[in-house]
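Next come the chains, spelled out residue by residue.
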Amino acid sequence: MKFAFKFSNLLGAVYRRGNLNFSKDGNAVISPVGNRISIFDLKNNTSETLPVSTAKNITSVGVSPDGSLAILVDEDGAALLVSLITRAVLHHFHFHKPVNSISFSPDGRKFVVTKENVALMYHAPGKQREFNAFVLDKSYYGPYDETTCIDWSDDSKCFAVGSKDMSTWVFGAERWTNLIYYSLGGHKDVIVGCFFEKDSLNLYTVSQDATLCIWESDTKPDGLVLAKKPDKPKMPTPGEDQDEEGEEVQEEQVIRGKVENEMSTKEKTKNVRFKHIARHYINKEGDFNNLTAAAYHKPTHLLVTGYASGVFHLHELPEFNLIHSLSISDRSIASVALNCSGDWIAFGCSGMGQLLVWEWQSESYVFKQQGHFNNMASLAYSPDGQYIATGGDDGKVKVWNANSCLCFVTFTEHTSSITNVAFASSGFVVVSASLDGTVRAFDLHRYRNFRTFTSPKPAQFSSLAVDVSGELVSAGAQDSFEIFLWSMNTGRLLEVLGGHEGPVSCLCFSPVQSILASASWDRTIRLWDMMDSWKVKETLQLTTDALSVAYRPDGQEVAVASLNGEISFWNPNAAVQVGSVAGRHDLDTGRKETDKVTAKQLSKGKCFTSLCYSADGESILCGGQSKFVCIYNVREQMLMKKFEISCNLSFDGMEEFLDRRKMTEFGSLALVDEGAGDGDGVNISLPGVRKGDMSSRHFKPEIRVSSLRFSPTGRSWAATTTEGLLIYSLDGSLVFDPYDLDLDVTPAGTRRQLRLQQWASAIVLAFRLNENALKQEVLETVPHEQIPVVCGTLPDIYVEKLLGFVAACLEKSGHLQFYLIWAQNLLMLHGQKLKNRSGAILPTLQALQKSIQRHWDNLSKLCDFNMYNIRYAVALSKQRGMKRPAEEKERNSDDENDDDDDDDGQSEVMSQASLDDAEMIL
């Protein structure tokens, strides 16, 4: 098996903190999620997480006007220049201080970064490759406090910077004679947004107390006069040719707003002046909290303001007409953005992890997603691999589409943390266990909770399992040490299994027999026979507490993770141990900031808490209280690969050594209680709270893996972590991996066999070369009437390979009938041989089923829609056919009644023929 799994996508979280951006065409939202960036395509209803990450959580994102570049800045000021086209990191830079905001100029030649009370203007990277992509041009000093926002004029000649000192500063991007700097006051609170009017220097400023000030300039943008430059080397533009390398660097210029400039006094040009012409109070009723975010769309003159109460206002400027007001969240709106056309407004709410896109003209949601705003506890794949169900500590069960990576239903019936979720064998029922003492079953057809299983006495359920038939539902209690069995059809409690002397940590049904394996803290694994009065079939004795148990897909082996960090393998039929893996040293846990024990000693007490076999049963995936996920070979009992799920230093327990800069003579600064206002932690609320939570709890999340699952198709695996739901899939790039290669096996030889119409030998040669493009070319060249003959003469060793390739092509290709004929003939002619190796080819068959199911879902909707259209057309034609003879009867004389009867009969025959044609089409 090849372990070429790479990070594919991030689910379970859509927005954390930072500013939102739209793509150039306005069809996609760029959202920061932790230390990664996710792009949500609103047209195609898909999401993608870029395979780049920063050292800490991202706080500012700047996107170039052409949409090809993005600058990501984290909490410490470390920046990445990322290409949005190739998804690659182009340059690393460090601003050495936390960055408040970043913005590109409209012409794309410069960008401004604000940190503390300074605005720094850099030359944007051009199309030519440069040694240093970020070249500092000017430094602007004006505000006395931290800066908050930036906005550029349309001609890129000047920009405005808002500050916490309640002032707004206008700076010239060039050495203008009549505009060096200008300070605007008049507000009584922190400036949240400042915006230039379109093709003008007129300015709008919005403060945190919901006050809008309108400033009018007496000079047009064309009235700015360029000052004479001093005798210094000229800064070349990105498009100009450079003769010498020494001319690429220019001395930094400093613009200080506190010092008068002598150039303005020498010149006779009139300086630019701003006049305060209007003041508006957005929050007139006083029903809302502080204004937290604002955005302005210049072409349509729309101002959007968001508040801490989750309410937003939409105004038309400069008349200040209220278009509408709406509440979209229970928490504060952290970021607002508008697309290029001004139709869609994106809102980000960091408190609940929400991302909303609102179309204000039709007053409808274009996109509405919310992740688990607390830890994710478990996940489960549907039998066909198309859906993923997740449960979190926020008491919600979410179901995600594995293709679009978006959540399409959320169940909120639970009132406490979810401990486990599972799919029934049908794939349309999700079962969840919770600490609120209930086990609930949800229907994915009607999106409702149709079963609620409870125990005779209140119990907190910590584990869950559903048998292969989907009839039995079992849950283990962590306080009464009992296992409860219910019937899915009737909802009745069938049996209460007792015998464990400790909390039941994990349950797992055998995939081939009606045997339930239960792991407990009493150092035993019990195997319960569901067919023989629920008696204990075997008891496996362990040396330490059992934390997790998993059956191999063929049911002939059981893996158990124990508290001492070991993974033991057992034969369930003979009740003997067949092997073990010591995985304690593979965890490599980090040291928390408050720990006094070193990381090396701390890792001795860590263990795996989740296990999962691969689809072929040859490997096992393990995760626990660490940032690593380990995959072991079961037969060799050795570590094959370690996956680092995160490099985000914002989480606790990531670094092996403590930061000496935080160590003082009184101890670590991490031990100092900074109160509820600590912005580095995560604010959590009680699960099940519907309105308002007066308590305030902050914590710094610790990196860990709570649950692992392999996809039934074997092409990917998922893990619920502190960062979210991470999906790793096989690398989709072209990898040359030949099979049984010799000198005669070449692409030219393969095409020669095609010209000779030797279809079977051409397929064999193509699969020996193992190039996807060549295999698809050969397969689609074969005539469809020759497919049964080719499938019958194909060697057995290539049948499974061809079936897997057909399953992969069927998922993306438009030749549905062609590939379905291939799949049908392979299964019909080689069905018995494939059945003998059902355990090995199960992932291939499930991938084929997933592809067929997806096409069936899409086509069935289209056919149902067309069926009703055809029925309507047939009924309409039949109605017109009945009206026409009646009109002819009135028009003609009594002598022509017989002819009218003939016409009536012909019309009925025509309508009946049209009905028959429609039925043939259906």
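Residues numbered from 1 in each chain as written. Predicted model: local features only at pLDDT ≥ 70, side-chain atom pairs only at ≥ 80, totals over all residues. Heavy atoms only, no water.

*Asks:* What is the right way to read the environment of Leu 50 from this model?
*Replies:* When you line up the elements, Leu 50 lands in the loop between strand S5 (46-49) and strand S6 (58-63). Residue class for Leu 50 comes out buried when judged on its relative accessible area of 1%. For the pair Leu 50 and Ser 38, spaced 12 residues apart in sequence, the C-alpha to C-alpha distance is 6.2 Å. Every residue in contact with Leu 50, bar those within four places of it in the chain, is listed here: Phe 7, Arg 36, Ile 37, Ile 39, Val 82, Leu 84 and Arg 87. (Helix = DSSP H or I, 4+ residues; strand = E, 2+ residues; numbered from the N terminus. Buried < 20%, exposed > 50% of the residue type's maximum accessible area, 1.4 Å probe, protein only. Contact = heavy atoms within 4.5 Å.)

*Asks:* Looking at this model, I keep getting lost on the side chain of Asn 9. Mind explaining?
*Replies:* Checked against the element boundaries, Asn 9 lands in strand S1 (residues 5-11). A polar contact of 3.1 Å, which involves the side chain of Asn 9, links it to the backbone oxygen of Ser 47. Here the side chain of Asn 9 touches Thr 49 through a polar contact of 2.8 Å, side chain to side chain. If near-sequence neighbours (up to four positions away) are discounted, Asn 9 is found in contact with Ser 47, Glu 48, Thr 49, Cys 405, Leu 725, Leu 726 and Ile 727. (Polar contact = N/O pair within 3.5 Å; in protein donor to acceptor, adjacent residues only side chain to side chain.)

*Asks:* So what exactly am I meant to see when it comes to helix H6 (residues 772-781) here?
*Replies:* Residues separated by three or four positions in an α-helix point in the same direction, a consequence of the helix having 3.6 residues per turn. Restricting attention to buried positions, one finds in H6 the residues Leu 774, Lys 775, Val 778 and Leu 779. Each buried residue of H6 sits inside an arc of 130° when the element is viewed along its axis, so together they form one side. On its buried face, H6 is in contact with helix H4 (747-755), helix H5 (759-769), helix H8 (796-812) and helix H9 (816-829). (Arc of directions from axis to C-beta.)

*Asks:* How do you make sense of the pattern of salt bridges when you look at a structure like this?
*Replies:* Between side chains of opposite charge, a pair can form when the charged atoms approach closely. Evaluation of the coordinates by the stated rule reveals 18 salt bridges. In this structure, the salt-bridge partner of Asp 545 is Arg 523, at a minimum N-O distance of 3.7 Å. Separated by 22 residues along the polypeptide, Asp 545 in the loop between strand S46 (535-541) and strand S47 (546-551) and Arg 523 in the loop between strand S44 (515-520) and strand S45 (524-529) bring together distant segments of the chain. Arg 552 is the salt-bridge partner of Glu 557, the closest N and O atoms lying 3.8 Å from each other. For the pair Glu 557 and Arg 552, a shared accessibility class is recorded, and that class is buried. Each of the salt bridges in this network shares a partner with another, and the network as a whole consists of Lys 110, Asp 137, Lys 138 and Glu 174. (Salt bridge = Lys/Arg side-chain N within 4 Å of Asp/Glu carboxyl O.)

*Asks:* Explain the packing of H6 against H8 to me, please; I cannot follow it from the model alone.
*Replies:* To describe two helices that pack against each other, one gives the angle between their axes and the distance between the axes. Across the interface, H6 lies against H8 with an axial gap of 12 Å and an inter-helix angle of 95°. One way to sum up the angle between H6 and H8 is to call them roughly perpendicular. Contacts from Asn 772, Lys 775, Gln 776 and Leu 779 of H6 reach H8 at Leu 802, Phe 805 and Val 806. Within the contact of H6 with H8, the residues separate by chemical class into 4 nonpolar, 2 polar and 1 charged. (Axes fitted to C-alpha atoms, helices over the stretch in contact; angles between N-to-C directions. Parallel < 35°, antiparallel > 145°, perpendicular 65-115°, else oblique. Nonpolar A, V, L, I, M, F, W, Y, C, P; charged D, E, K, R; others polar.)

*Asks:* How do you make sense of unusual backbone geometry when you look at a structure like this?
*Replies:* When glycine is set aside, most residues are seen to have a negative phi, and most peptide bonds are trans. Omega for the bond connecting Leu 317 with Pro 318 falls within 30 degrees of zero, at 0°, which places this linkage in the cis form. As for its placement among the helices and strands, Pro 318 is situated in the loop between strand S25 (311-316) and strand S26 (321-327). With a phi angle near 60°, Ala 210 is a residue other than glycine that sits in the positive phi range. Relative to the helices and strands, Ala 210 resides in the loop between strand S19 (203-207) and strand S20 (211-217). Owing to a relative accessible area of 3%, Ala 210 belongs among the buried residues under this scheme. You will see that Gln 637, though not glycine, has its phi angle at about 55°, which is positive. Note that Gln 637 resides in the loop between strand S53 (628-633) and strand S54 (638-644). Accessibility expressed as a relative area gives 30% for Gln 637, which makes it partly exposed.

*Asks:* I tried to follow the packing of aromatic side chains on my own but got confused; where do I start?
*Replies:* The description of two aromatic rings rests on the distance between their centres and on the angle between their planes. Per the counting criterion, the structure on display carries 37 aromatic pairs. Pairing Phe 312 with Trp 358 gives two aromatic rings, centres 6.3 Å apart and planes at 65°, and the pair type is edge-to-face. One end of the pair, Phe 312, is in strand S25; the other, Trp 358, is in strand S29 (residues 354-359), and 46 residues separate them in sequence. Using a relative accessible area of 0% as the deciding quantity, one classes Phe 312 as buried. With a relative accessible area of 6%, Trp 358 lands in the buried category. Arranged with centres 5.4 Å apart and planes meeting at 85°, the rings of Phe 818 and Tyr 819 form a pair that is edge-to-face. Note on accessibility: Phe 818 and Tyr 819 belong to one class, buried. Following the ring pairs from residue to residue traces out a cluster consisting of Phe 93, Phe 95, Phe 104, Phe 111, Tyr 122 and Phe 134. Across from the ring centre of Phe 7, 4.1 Å away, lies the NZ or CZ of Arg 36, which sits over that ring. When the ring centre of Phe 628 is taken as reference, the NZ or CZ atom of Lys 642 above it lies at 4.4 Å. (Phe/Tyr/Trp six-rings, centres within 6.5 Å; stacked < 30°, edge-to-face > 60°. Lys NZ or Arg CZ within 6 Å of the ring centre and 35° of its normal.)

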